[in-house]
There are 2 protein chains.
Amino acid sequence: MIVILLYLRSLNGKLMERLLQSVKININDKIYVKDPESSDLGKRIIEHSILMIHDMGFEAFTFKKLGVQIGSNESSIYRYFENKHKLLLYLASWYWGWLEYQLVFATNSIPNPEDKLASAIRILTRATEVDASFSHINEILLNKIVINEYSKSYLTKEVDQENKEGYFIIYKRLVNRIREMIQAVNSSYKYPASLASSILEGGLHQYFLIDHFSSMTDCNENLPPAEFFVDLVFKTLKKEYNG
Amino acid sequence: MIVILLYLRSLNGKLMERLLQSVKININDKIYVKDPESSDLGKRIIEHSILMIHDMGFEAFTFKKLGVQIGSNESSIYRYFENKHKLLLYLASWYWGWLEYQLVFATNSIPNPEDKLASAIRILTRATEVDASFSHINEILLNKIVINEYSKSYLTKEVDQENKEGYFIIYKRLVNRIREMIQAVNSSYKYPASLASSILEGGLHQYFLIDHFSSMTDCNENLPPAEFFVDLVFKTLKKEYNG
DNA sequence: CAAATATAATAGTATTACTATCATACCTTA
DNA sequence: TAAGGTATGATAGTAATACTATTATATTTG
């Protein structure tokens, strides 16, 4: 493991992509009825649900429409996911798991806590710009789906039950990783968890504002949210950072 | 107007409540078909929709159920609101308008920019704890509805059209007021709008985390989100604040 | 080749989110 | 007080949604 991580230290973009392709993101198996990675139909469900939710939005998306699109049957899709809510939980978990891999790989070998935190913030709040071509998954569109729909996956009456069943575990682990990095930079800071959750959730929100409410943000194509958050975090932790 | 505002400077809680009761919050009349404030049925629709959305969540809430609850007819409710999405927009606008009044009244007469900003942050990120008894509107429950449902009002495919029609104008005005206060404290800060939107949106989110994902926040009953945000903002603006 | 498994086809149900029409009650005002 | 307008209620109906159930047909595997 150590050998691999030392090796990864110098991975460039292309190598990283290939490595990510060979990694299977581990998702709580209570989220699905049958693992969509286990069959061709399952992969087509994932592939086209991403395209369709991005196109028409989560509300208008239905299993019936998805069935028509992939030339399959509504009832067959129900054998993979109980309902579209669970499918959204699956897509979100996949996305956060994918981000987590990038985070761990990119920051694991950085010894300096400030460099590590800055790098983490940039990875977590950057726009997904390359389709790493995880075969059937379009990460660029999935990133946009998470921006527009992720909140709906937890703003429900069932959230406590679903949390207990572990449906949000990857997201929580991600927040915890940032919290630890924040504490490594400033162990006396009082709000490391709140700051960590604000980075992830606020990152999504700033992208939404750029697209729909530009008067409520200073970010744009030339001034990405990542820079706002790096500035915010390091000023808050009272550490100058000129990285 | 100036006389009134000077007078308000020393308003205590009770007086404030009474004053708020006499103010009609101005909501874009495209949001409703018929003004619910204009009739008894309209007020019952608002009153019980707040109770029911709080109880069962926005997804399970329907006009049919509301009709049964208030002893009225589904079709009569449609004469006030096109659909439940518009009703949510109405409730949210009312809430933000109500908060805006509190903000303006409480901060207008504060001359010192730091005091003003700190006071604003506290007002905007505190939990609603007293029911000011705006007759039929329960502000405590409405605050909880906004925490749990507000994002759903703009995370839609219709957001740009609805924004054009002015459905989010009160919220945007609120964010703009904070932005101006931030700039008054530090005119060279690069991200006043992003910081302002983060306070409002992040404030709601931290309350959600307290209730459902306590591991992702440091806030709780003894350490309210307001303190996290005051600390965050003043450190970011590089001004010590000991108020 | 038989058995198990996956998928497809079809049908059916309760609910949702409306729209339309008509009846009735009440309130005003000439 | 009669006539007309407005608000609400009652009823019916529609298309779509979100499923469940059953049976049929492929496909894979042992």
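Now for a quick tour of the structure. (Residues numbered from 1 in each chain as written. Chains lettered and ligands numbered in written order. Predicted model: local features only at pLDDT ≥ 70, side-chain atom pairs only at ≥ 80, totals over all residues. Heavy atoms only, no water.)

### Description of the pattern of salt bridges
When the charged atoms of two side chains lie near each other, side chains of opposite charge can form a pair. Taken as a whole, this structure holds 18 salt bridges over all chains when the rule is applied. Taking the shortest distance from any N to any O, the salt bridge between K24 of chain B and D35 of chain B comes out at 2.7 Å. Taken as a pair, K24 of chain B in the loop between α2 (13-22) and α3 (40-60) and D35 of chain B in the loop between α2 and α3 lie far apart in primary sequence, eleven residues in all. The class for K24 of chain B is partly exposed, based on a relative accessible area of 49%. On the basis of relative accessible area, D35 of chain B is assigned to the buried category, the value being 16%. Where salt bridges share partners, they join E59, E149 and K152 of chain A into one cluster. (Salt bridge = Lys/Arg side-chain N within 4 Å of Asp/Glu carboxyl O. Helix = DSSP H or I, 4+ residues; strand = E, 2+ residues; numbered from the N terminus. Buried < 20%, exposed > 50% of the residue type's maximum accessible area, 1.4 Å probe, protein only.)

### Brief notes about the nonpolar core
Formed by 154 residues in total, the largest nonpolar core has its most connected members in W96 and L117 of chain A together with W96 and L117 of chain B. Beyond its immediate stretch of four places on either side in the chain, W96 of chain B contacts V146, Y150, I170, Y171, L174, L200 and L204 of chain B. (Core = buried A, V, L, I, M, F, W, Y, C linked by side-chain atoms within 4.5 Å. Contact = heavy atoms within 4.5 Å.)

### So, the relation of the copies chain B and chain A
When chain B is fitted onto chain A, the two copies agree to an RMSD of 0.0 Å after a turn of 180° and an axial shift of 0.0 Å. On this basis, the relationship between the two copies can be described by a two-fold rotation axis. When C-alpha positions in chain B are compared against the rotation axis, the closest is assigned to T236 of chain B, at 2.7 Å. Most of the interface of chain B is mirrored in chain A: 100% of its interface residues are interface residues there too. (Least-squares fit on C-alpha atoms with pLDDT ≥ 70 in both.)

### Here's the deal with the side chain of S194 of chain B
With respect to the helices, strands and loops of the structure, S194 of chain B is situated in helix α11 (residues 192-212). Relative accessible area serves as the criterion here: at 0%, S194 of chain B is assigned to the buried category. Not counting residues up to four positions away in its chain, the partners in contact with S194 of chain B are Q206, M216, T217, D218, C219 and F228 of chain A.

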